[in-house]
Amino acid sequence: MASFSDIKGFVFDLDGVITDTSVFHSQAWHQVADKVGAPWSKELEDGLKGISRMDSLEMILKAGNVQDKYTNDEKVDLATEKNTNYLKLVDQMTPANLLPGIKSFLDELKSEGYLISLASASKNAPKVLEKLQLTDYFPKIVDPKSLTNGKPDPEIYLKGAELIDLKPEQCIGVEDAAAGVESINAANETSIGIGDAQVLKDADILFSDTSEMTLANIKKQMN
Ligand code: B16
Ligand code: MG
């Protein structure tokens, strides 16, 4: 692991780290799973975190053993229906949907001069940031449409570092998903996992929830 003094920037995941949209994603995917007759489970729910929209749909169809039952156009329709339902939930969001301590952590990073970028797989990230009134904190956002490979591939976290002109070793990536932690580690950044120790066992640093994430606590765990 890098030492704390090497760190110059933070690359953030959005869903499940900054705000709890993962609950909204799950709710909307659960409806799709019911529709196609795929069994919904905690494993499937956790496995979908951080995974792109179309890859998520494929995982659900596979869980129901119905991946060959739908044409490409029908798959696009299912994904669009999920997104429409998801966006209805996003539309009701306000800054009250920020996870605990996130606003003060971002302010701490800003005042200490750390650079910040966003590495979310979500095409809806700019809209969610707007709802949370955080647009000004994230001038640099990786465009998921520009990616060849989604998480757990390192590409998204490498781009997140590149956008703020830092080497991966100078960055900490923050994630709630196993696929995301894998992506950060493969990019050679220091990983913070937020959530369940079992699910995020490969994270360099683990916090059970966002309120524990402060520069002092990170420094303590790194040195
Ligand atoms: P969208 P993250 C990911 O965002 C979500 O965790 C995942 O559940 C979702 O399918 C994916 O974004 C794509 O989102 O359908 O809005 O483009 O965790 O990488 O911020
Ligand atoms: Mg996430």
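Look up: the structure comes first, before these words.
Residues numbered from 1 in each chain as written. Chains lettered and ligands numbered in written order. Predicted model: local features only at pLDDT ≥ 70, side-chain atom pairs only at ≥ 80, totals over all residues. Heavy atoms only, no water.

**Quick look at the pairing of strand 4 (residues 190–194)**
Threshold: With a 1.4 Å probe rolled over the protein chains alone, any residue whose accessible area is under 20% of its type maximum counts as buried; one over 50% counts as exposed, and the rest are partly exposed. Helix and strand assignments come from DSSP, with helices taken as H or I runs of at least 4 residues and strands as E runs of at least 2, each series counted from the N terminus. Pairing between strands is defined by DSSP: at least two bridges between them are needed. With the strands aimed away from the viewer, a crossover counts as right-handed if its path from the first strand over the helix to the second runs clockwise.
With 5 of 5 residues buried, strand 4 lies mostly within the body of the structure. Covered by surrounding structure in strand 4 are Thr190, Ile192 and Ile194 together with Ser191 and Gly193, the residues of both alternating faces. Across 4 bridges, strand 3 (residues 171–175) lies against strand 4 in parallel orientation. When the sheet's bridge partners are listed, Ile172 is paired in strand 4 with Thr190. In this view, the connection linking strand 3 to its parallel neighbour strand 4 by way of helix 8 (residues 178–186) has right-handed handedness.

**Concerning the environment of Asp143**
As for its placement among the helices and strands, Asp143 is situated in the loop between helix 6 (125–131) and helix 7 (155–163). Note on Asp143: relative accessible area 37%, which makes it partly exposed. Measuring from C-alpha to C-alpha, the distance between Asp143 and Ser26 comes to 22 Å, with 117 residues separating the pair along the chain.

**Overview of the site of ligand 1**
Formally: One heavy atom suffices: a residue is near a molecule or strand as soon as one of its heavy atoms comes within 4 Å of it. In the analysis that follows, any N or O atom pair within 3.5 Å is treated as a polar contact, provided that within protein one partner can donate a hydrogen and the other can accept it, and provided that, for residues neighboring in sequence, both atoms belong to side chains. Note on areas: Shrake-Rupley with a 1.4 Å probe; residue coverage comes only from the protein chains shown. Residues are grouped as follows: nonpolar covers Ala, Val, Leu, Ile, Met, Phe, Trp, Tyr, Cys and Pro; charged covers Asp, Glu, Lys and Arg; every other residue, Gly included, is treated as polar.
In the vicinity of ligand 1 lie 17 residues, with Asp13, Asp15, Arg53, Ser120 and Ser122 positioned nearest. Take Ser122: an N or O atom from its side chain is 2.6 Å from an oxygen atom of ligand 1. One of the backbone nitrogen or oxygen atoms of Lys123 is found 2.7 Å away from an oxygen atom of ligand 1. Here ligand 1 loses 98% of its free accessible area of 460 Å² to cover by the protein chains. Split by residue class, the shell around ligand 1 holds 4 nonpolar, 6 polar and 7 charged.

**Observations regarding the coordination of the magnesium ion (ligand 2)**
Four donors placed tetrahedrally around a metal ideally meet at 109.5 degrees, and six donors placed octahedrally ideally meet at 90 or 180 degrees. For the record, the criterion: Counted as donors are the N, O and S atoms within 2.8 Å of the metal, or 3.2 Å for Na, K and Ca, while water is not among the atoms, so some sites may look incomplete.
Around the magnesium ion (ligand 2), the protein contributes the donor atoms Asp13 (OD), Asp15 (O) and Asp176 (OD), which lie 2.0 to 2.2 Å from the metal centre. All donor residues of the magnesium ion (ligand 2) come from one chain, and their arrangement in sequence is D-x1-D-x160-D. In this pair, Asp13 is assigned in the loop between strand 1 (9–12) and helix 1 (21–36) and Asp176 in the loop between strand 3 and helix 8, connecting sequence segments 163 residues apart. As far as the burial class goes, Asp13 and Asp176 line up, both buried.

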